[in-house]
Amino acid sequence: MNWVKDYVTTIADYPKPGIMFRDVTTIFESDVAYNRMVEEFVRHLRDKKIDKVAGIEARGFILGGAIAHRLGIGFITVRKAGKLPRETHSVNYMLEYGEDALEVHCDAIRKGDNILIVDDLIATGGTAIATHELITMAGGRVTDCVFIIDLPDLGGADKLRAKGCDVFSLTAYEGE
Ligand code: AMP
């Protein structure tokens, strides 16, 4: 959807030289764009059998919380290491620009729950694949993943599809 690009701000060489940073906070700041974006996701998701939304810290919370609310289902926080107070599963992963760990509460998911992963952008897929691993460790089944932006040439969305997930993005930037 091309209207989305009108609200994305691109910052060259942030946070490192060579990275074109796609800043979606300018979507969140707009009442028109934020609501329209959530409704586009809801239209795609409403007939699916999803039990819970798993949002990835931090922009995945802003988007995933709104989607969960509109679908009338619960929300699971996927957080950076050391932020969750109860027993967690933990997975290390590579970013487009660095390395990190993600965690989820062990008891956040019921066995067999259908889970939707939500984040702002998919690039190499390291973050989303680590989240897929966490959900699987916790007993859930990742059926769907949604992102505002796909960078298809980095291959992350195809990695998720190879794991059997339906992947949906509002827009894509080719070549980076
Ligand atoms: P990846 O794990 O490579 O798929 O990277 C996705 C994660 O890193 C998401 O949580 C994004 O917020 C962030 N990210 C990666 N590349 C970019 C980019 N070019 N612009 C904005 N955020 C990015």
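Computed from a prediction, not measured in an experiment: that's the story for all the values here.

1. Section: the sheet that holds strand β9 (residues 166–172)
Now for step 1: The strand order across the open sheet built from 7 strands is β5-β6-β4-β3-β7-β8-β9, with neighbouring strands paired in mixed fashion. In this open sheet, the two edge strands, each paired with only one partner strand, are β5 (88–95) and β9. Neighbour to neighbour, the strand axes of the sheet diverge by 25° on average, direction disregarded.
Now for step 2: In the sheet, strand β7 (residues 114–122) pairs with strand β8 (residues 141–150) via 8 bridges, with the strands oriented parallel.

2. What to know about the state of the cysteines
Now for step 1: Counting across every chain of the model gives 0 disulfides.
Now for step 2: C145 forms no disulfide, and the closest cysteine sulfur to it belongs to C165, at a distance of 4.2 Å.

3. As for the packing of aromatic side chains
Now for step 1: Inspection of every chain in the model, using the stated rule, returns 5 aromatic pairs.
Now for step 2: Taking 6.1 Å as the distance between ring centres and 75° as the angle between the ring planes, the aromatic pair formed by W3 and Y7 counts as edge-to-face. Here the residue W3 and the residue Y7 both occupy positions in helix α1 (residues 2–7), the gap between them amounting to 4 residues, near one helical turn.
Now for step 3: Aromatic pair F61 and F75: ring centres 5.9 Å apart, planes at 85°, arrangement edge-to-face. Here F61 is found in helix α4 (residues 59–71), whereas its partner F75 is found in strand β4 (residues 74–80), with 14 residues between them in sequence.
Now for step 4: For F61, a relative accessible area of 24% puts it in the partly exposed group.
Now for step 5: By relative accessible area, which is 30% here, F75 ends up partly exposed.

4. Quick notes on helix α3 (residues 31–45)
Since one α-helical turn is 3.6 residues long, residues separated by three or four positions face the same way.
Now for step 1: When the terminal C-alpha atoms of α3 are compared, their 21 Å separation across 15 residues agrees well with the 21 Å that a helix rising 1.5 Å per residue should span.
Now for step 2: Those residues of α3 lying buried are A33, M37, V38, E40, F41, V42 and L45.

5. Observations concerning the pattern of salt bridges
Oppositely charged side chains can form a pair if their charged atoms are brought close together.
Now for step 1: Per the counting criterion, the structure on display carries 10 salt bridges.
Now for step 2: In this structure, K48 engages D144 in a salt bridge whose closest nitrogen and oxygen atoms are separated by 2.8 Å. Taken as a pair, K48 in the loop between α3 and β3 (52–56) and D144 in strand β8 lie far apart in primary sequence, 96 residues in all.
Now for step 3: Ionic contacts of the salt-bridge type, sharing partners, join the residues R36, E40 and R43 into one network.

6. A word on the packing of α3 against α4
Now for step 1: Where α3 meets α4, the closest approach of the two axes is 10 Å, and the angle between their N-to-C directions is 55°. Judged by the angle between their axes, α3 and α4 are oblique. Crossing of α3 against α4: the hand is right-handed. Between α3 and α4, the contacting residues are Y34, M37, V38, E39, F41, V42 and L45 on the first element and I62, L63, A66, I67, R70 and L71 on the second.
Now for step 2: Looking at the contact of α3 with α4 residue by residue, the class counts come to 11 nonpolar, no polar and 2 charged.

7. Re the nonpolar core
Now for step 1: Ranked by size, the top nonpolar core spans 29 residues in total, and within it M37, F41 and I148 carry the most contacts.
Now for step 2: At the level of elements, α1, α2 (25–28), α3, α4, β7, β8 and β9 are the ones that each hand at least two residues to this core.
Now for step 3: Those residues in contact with F41, other than ones at most four positions away along the chain, are L63, I67, V146, F147, I148, F168 and L170.
Now for step 4: In terms of nonpolar packing, the next biggest core, distinct from the first, is built from 26 residues, V91, V104, I115 and C145 among them.

Cut-offs used in this document
- Residues numbered from 1 in each chain as written.
- Predicted model: local features only at pLDDT ≥ 70, side-chain atom pairs only at ≥ 80, totals over all residues.
- Heavy atoms only, no water.
- Pairing = 2+ DSSP bridges.
- Helix = DSSP H or I, 4+ residues; strand = E, 2+ residues; numbered from the N terminus.
- Axes fitted to C-alpha atoms, helices over the stretch in contact; angles between N-to-C directions.
- Disulfide = S-S within 2.5 Å.
- Phe/Tyr/Trp six-rings, centres within 6.5 Å; stacked < 30°, edge-to-face > 60°.
- Buried < 20%, exposed > 50% of the residue type's maximum accessible area, 1.4 Å probe, protein only.
- Expected span 1.5 Å × (residues − 1).
- Salt bridge = Lys/Arg side-chain N within 4 Å of Asp/Glu carboxyl O.
- Parallel < 35°, antiparallel > 145°, perpendicular 65-115°, else oblique.
- Left-handed = near helix turned anticlockwise from the far one by under 90°.
- Contact = heavy atoms within 4.5 Å.
- Nonpolar A, V, L, I, M, F, W, Y, C, P; charged D, E, K, R; others polar.
- Core = buried A, V, L, I, M, F, W, Y, C linked by side-chain atoms within 4.5 Å.

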